Amino acid sequence: MAKKALIILAEGFEEIEAITAIDILRRAQIETVVAGLNNKIIRGSHGIKINADILLDEFKADTDALLLPGGSPGAENLAKSAKVASLINQMFKRGSIIGAICAAPALVLEPTGILRHKKATCCPGMENLFSAEVRFSPEAVVCDGNIITSRGPGTALVFSLKLVEMLIDKKTAEGLRERLVAIR
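Figured I'd write up the structure that's included with this text. (Residues numbered from 1 in each chain as written. Predicted model: local features only at pLDDT ≥ 70, side-chain atom pairs only at ≥ 80, totals over all residues. Heavy atoms only, no water.)

On to helix α6 (residues 170-180), then. Here α6 has its buried residues at Ala173, Glu174, Gly175, Leu176 and Arg177. As for α6, its buried residues are in contact with α1 (15-27) and α5 (156-167). Regarding α6, its N-cap is aspartate 169, as a side-chain oxygen of that residue lies 3.3 Å from the backbone nitrogen of lysine 171 further along. Just downstream of α6, valine 181 is the residue with a positive phi angle, here 55 degrees. (Buried < 20%, exposed > 50% of the residue type's maximum accessible area, 1.4 Å probe, protein only. Helix = DSSP H or I, 4+ residues; strand = E, 2+ residues; numbered from the N terminus. Contact = heavy atoms within 4.5 Å. Polar contact = N/O pair within 3.5 Å; in protein donor to acceptor, adjacent residues only side chain to side chain.)

Here it is in structure tokens:
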């Protein structure tokens, strides 16, 4: 059965984190839907515009993974959305993979409570936003159960390849790593 992923973009998203994940997941033949939080054309934090496949309000399907890029004010905009918080909790309870990078683990995941008693990471300087119940790790990519977190734009490729490993398998992720000449 083909795997599916949903990436939610809000105004001010971090382009490297979003585009890398979209590209890598699609190269792995994971059906990847890009949903705009409030608009179908979303401007990133560095002025790059992405044309989303759908508006988040149009998303009705089930998915194997939910991905949230960081960026400023992208992560803050995601964090303000009750719909995003509800979707995170629903998918977490179903066992879907929840991926967040940069500011998104601290600003978007932490308030939902899904990081309680979990190991997680985020962009440097935001770890103080984690509650005492979250075990912060400075690793580039951290997996704990069905949650995967990462540090920032420089870790986006490793993060995306780990998502492929979690959704499909290690062999597929390693094959992509080799074809992309990705460093470890």
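The rest of the description comes next.
Glancing now at the pattern of salt bridges. Scanning the entire structure with this criterion turns up nine salt bridges. The salt bridge partner of glutamate 133 is arginine 116, with a shortest N-O separation of 3.1 Å. A residue pair is termed long-range when its members are at least 10 positions apart, and glutamate 133 in the loop between β8 (119-120) and β9 (135-136) and arginine 116 in the loop between α4 (104-109) and β8 qualify at 17 residues. Overall, the relative accessible area of 45% leaves arginine 116 in the partly exposed class. Where aspartate 144 meets arginine 135, a salt bridge forms, and the shortest distance between an N and an O atom there is 3.2 Å. Residue aspartate 144 is classed as buried on the basis of its relative accessible area, which comes to 17%. (Salt bridge = Lys/Arg side-chain N within 4 Å of Asp/Glu carboxyl O.)

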